[in-house]
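# Commentary on secondary and tertiary structure
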Amino acid sequence: MVNKKIGLFFGSFNPIHIGHLIIANYMANYTELDEVWFVVSPQNPFKEKKSLGNMYDRLEMVNLAIENTENLKASDIEFKLPRPSYTIDTLMHLGEKYPTKDFFLIMGEDNLAGLPKWKNVDIILRDYKVIVYPRAGSHGDELKNHPSVIMTQTPLMELSSTFLRKSIKEGKSIKFYTTDKVIDFIEKKGLYS
């Protein structure tokens, strides 16, 4: 039996938006991947802690956004791991937990440029494939031609969670930037205002 290929899309998803969904859907349907898991990060070692929404709210918004989508899943795996969570530790943990799955990393070209600074990057590039989506103005040049790196033609998305949070704070509509269910959840909980 062939192992299922799972793409891990790490992020704060604070909140999840249409750009994230387009990237994940592209990866699940236009690459060799069988599924994409949104790995909701409790705390990115490179990000300020205070600006992060509650991790359970962010996980719930991901679940609402991908409801009834067969090949997209939400994962809280990093909630249970020591913090800050490093990608290599999460990959090792998932490998032990799901020995019949092959895990791939999904990242933007901007993150590819910063990959050499990651913990155990040599092991990541030796043992895992990295599927990269383009980001405007980014050049992960030194790793673009690495045998473990797969560059894709994912549609370019110029949308950020920061933009959504700022819009909500300013009382502007975020319709079409995320799903209606996510918008309802944000409004009900009074998030980001």
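Residues numbered from 1 in each chain as written. Predicted model: local features only at pLDDT ≥ 70, side-chain atom pairs only at ≥ 80, totals over all residues. Heavy atoms only, no water.

Note the following rule: UniProt positions are given in the numbering used here, feature names are shortened, and annotations may be inferred rather than shown by experiment.
The protein chain carries the name Probable nicotinate-nucleotide adenylyltransferase in an unreviewed UniProt entry, which gives Sphingobacterium alkalisoli as its organism. What the UniProt record of the protein chain gives under Function (unreviewed entry) is the line "Catalyzes the reversible adenylation of nicotinate mononucleotide (NaMN) to nicotinic acid adenine dinucleotide (NaAD)." Here the protein chain is described in UniProt, under the heading Catalytic activity (unreviewed entry), as follows: "nicotinate beta-D-ribonucleotide + ATP + H(+) = deamido-NAD(+) + diphosphate".

### Examining the packing of aromatic side chains
The test is simple: Centres within 6.5 Å are what make two rings of Phe, Tyr or Trp a pair, Trp counting through its six-membered ring; a difference in plane orientation under 30 degrees is then read as stacked, over 60 as edge-to-face, and the rest as tilted. Secondary structure elements are defined from DSSP: runs of H or I of at least 4 residues count as helices, runs of E of at least 2 residues count as strands, and each element is numbered from the N terminus. Note on exposure labels: buried denotes an accessible area under 20% of the residue type's maximum, exposed denotes more than 50%, and partly exposed covers the range between, all computed with a 1.4 Å probe on protein chains only.
Counting across every chain of the model gives ten aromatic pairs. Relative to phenylalanine 38, the ring of phenylalanine 13 has its centre 5.2 Å away and its plane inclined at 75°; by these criteria the two rings are edge-to-face. Taken together, the residues span a long stretch of sequence, with phenylalanine 13 in the loop between strand 1 (4-11) and helix 1 (18-30) and phenylalanine 38 in strand 2 (residues 35-40) at a distance of 25 residues. Taken as a pair, phenylalanine 13 and phenylalanine 38 share a single burial class, namely buried. Ring geometry for phenylalanine 163 versus tyrosine 177: centroids 5.3 Å apart, planes at 85°, classification edge-to-face. Residue phenylalanine 163 is found in helix 7 (residues 161-169), and its partner tyrosine 177 is found in the loop between helix 7 and helix 8 (180-189); the two are separated by 14 residues along the sequence. Taking the relative accessible area as the measure of exposure, tyrosine 177 reaches 31% and is therefore partly exposed. An aromatic cluster is built from Phe9, Phe13, Phe38 and Tyr133, whose rings are joined through pairwise contacts.

### With respect to the sheet that holds strand 4 (residues 101-108)
The line we're drawing: Pairing between two strands requires that DSSP report at least two bridges joining them. To obtain each axis, a line is fitted to C-alpha atoms, and for helices this fit is confined to the stretch in contact; angles are then taken between N-to-C directions over 0 to 180 degrees. By the convention used here, residues are in contact when the closest approach between their heavy atoms is within 4.5 Å.
A sheet is described by the order of its strands in space; here six strands give the open sequence 3-2-1-4-5-6, paired in parallel fashion. Each edge of the sheet is formed by a strand with only one pairing partner; in this case those strands are strand 3 (72-75) and strand 6 (149-151). Here the strands of the sheet are splayed against their neighbours by 30° on average, with no regard to which way each runs. Taken strand by strand, helix 1 contacts strand 1, strand 2, strand 3, strand 4 and strand 5 (129-133), and its axis lies near 145° from that of strand 2. Packing of helix 3 (residues 87-97) onto the sheet brings it into contact with strand 1, strand 2 and strand 4, and relative to strand 4 it is tilted by some 155°.

### Side note on the environment of leucine 8
Looking at the element boundaries, leucine 8 is found in strand 1. The class of leucine 8 is buried, set by a relative accessible area of 0%. Sequence separation between leucine 8 and serine 75 is 67 residues, and the spatial gap between their C-alpha atoms is 9.2 Å. Residues within four places of leucine 8 in sequence aside, it is in contact with Trp37, Val39, Leu91, Leu94, Phe103, Phe104, Leu105 and Ile106.

### Observations concerning unusual backbone geometry
Cis rather than trans, the peptide bond between asparagine 14 and proline 15 has omega equal to 0°. Within the element layout of this structure, proline 15 appears in the loop between strand 1 and helix 1. Cis geometry marks the peptide bond from arginine 83 to proline 84, where omega comes out at -5°. Within the fold, proline 84 resides in the loop between strand 3 and helix 3. If you check the backbone angles, asparagine 120 has positive phi at about 55° while not being a glycine. Within the secondary structure, asparagine 120 is located in the loop between helix 4 (109-114) and helix 5 (121-127). The partly exposed category is assigned to asparagine 120, whose relative accessible area is 30%.

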